[in-house]
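The residues making up each chain are set out below.
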Amino acid sequence: MRKCIRFICMILICSLLLAVPAYAESAAESRASAFFSSHSTDLYETSSTSFQIWFDVVSNAGSSPQELGASEIALYESADGQSWTKIKTYTMDDYPQMVDQNTTYHAEYVTYDTAITGYYYTARITFYAKNSRGIGELDVYTEIIRM
């Protein structure tokens, strides 16, 4: 009898430890997924003090966007790779090439040309789509590069 109780307890403990928690998608992610089917980012070094921040985005087949691209690119700098400072913001108002009209795919880049050798850089790109149902935005960080 004692072995049976131990066995049942062992099964209960294992089932509790091995239970996989459910993933609940946030409201922002579910709204964004209604607008975007894929996206990517890249930092491309062009010289010792210059790099390009690339992005591309594809809309969902059913979203028929009137505008598609990135609404904002926030650039961050760090001397140690740990603490980050926002140093520049590119917006679609100041850089209209970041957004295209009546398309399902858009790729573009902006250039930063005053990088400091030895410093680290990353960017947060806010992907943007607008159609008759509303606006979708999704924040994505690029990889980190060291100049």
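J.: I keep staring at the sheet that holds strand β6 (residues 105–112) and nothing clicks. Help me out?
T.: Think of a sheet as strands paired side by side through backbone hydrogen bonds, with each pair either parallel or antiparallel. Read across the sheet, three strands follow the order β1-β2-β6 without closing on themselves; strand pairing throughout is antiparallel. Of all the strands in the sheet, the pair left with one neighbour each is β1 (36–47) and β6. The average undirected angle you get between the axes of adjacent strands in this sheet is 15°. Judged from the 10 bridges that link them, β1 and strand β2 (residues 50–59) form a sheet pairing that is antiparallel. Of the residues in β2, the one forming a bridge with S38 is V58.

J.: Help me out: how do you make sense of the environment of T103 in this one?
T.: Mapped onto the secondary structure, T103 falls in the loop between β5 (99–101) and β6. T103 gets classed as buried once you look at its relative accessible area, which sits at 18%. Put simply, T103 and V58 are 45 residues apart on the chain and 8.9 Å apart in space, counted from C-alpha to C-alpha. The residues touching T103, leaving out its near neighbours within four places in the chain, are P65 and L68. A distance of 3.0 Å separates a polar atom in the side chain of T103 from the backbone oxygen of Y105.

J.: Explanation requested: the packing of aromatic side chains in the structure shown.
T.: The geometry of an aromatic ring pair is captured by the separation of the ring centres together with the interplanar angle, meaning the angle of the planes. Here the structure, examined in full by the defined rule, presents nine aromatic pairs. A ring pair is formed by F51 and Y121, whose centres lie 5.2 Å apart and whose planes are at 50°; its orientation type is tilted. Remark: Y121 occurs in strand β7 (residues 120–131) and F51 occurs in strand β2; sequence separation between them is 70 residues. In this pair, the class of F51 matches that of Y121, namely buried. Judged by centre distance (6.4 Å) and plane angle (40°), the ring pair of Y76 and Y141 falls under tilted. Of this pair, Y76 sits in strand β3 (residues 67–78) while Y141 is found in strand β8 (residues 134–141), placing the two residues 65 residues apart along the sequence. Taking relative accessible area as the criterion, Y76 reaches 14% and is therefore assigned buried. Taking NZ or CZ as reference, K88 lies 5.0 Å from the ring centre of Y90, over its face.

What counts, and where the lines are drawn
- Throughout, residues of each chain are indexed from 1 in the direction in which the sequence is written.
- Local features are withheld for residues below a pLDDT of 70 in this predicted model, meaning they are given only at 70 or higher, and side-chain atom pairs are given and counted only at 80 or more; totals for whole chains, interfaces and linings count all residues.
- Only hydrogens and water are set aside; all other atoms, that is, all heavy atoms of the structure, feed into the side-chain values.
- Here the rule is simple: two strands pair whenever DSSP picks up at least two bridges between them.
- In DSSP terms, a helix is any run of H or I states spanning at least four residues, a strand is any run of E spanning at least two, and both are numbered starting from the N terminus.
- In this analysis, axes come from line fits to C-alpha atoms, helices being fitted only over the stretch in contact, and the angle between any two N-to-C directions falls in the range 0 to 180 degrees.
- In this scheme, a residue with accessible area under 20% of its type's maximum is buried, one over 50% is exposed, and one in between is partly exposed, where area comes from a 1.4 Å probe on protein chains only.
- We call two residues in contact when some of their heavy atoms are within 4.5 Å.
- For the purposes of these results, a polar contact is taken to be a pair of N or O atoms within 3.5 Å, where, inside protein, one atom must be able to donate a hydrogen and its partner to accept one; residues adjacent in sequence count only when each atom of the pair is a side-chain atom.
- Aromatic pairs are defined between Phe, Tyr and Trp rings, using the six-membered ring for Trp, whenever the two ring centres lie within 6.5 Å; interplanar angles under 30 degrees are classed as stacked, those over 60 as edge-to-face, and all others as tilted.
- Lysine and arginine charges are scored as sitting over a ring when NZ or CZ, respectively, is within 6 Å of the ring centre and within 35 degrees of the ring normal.

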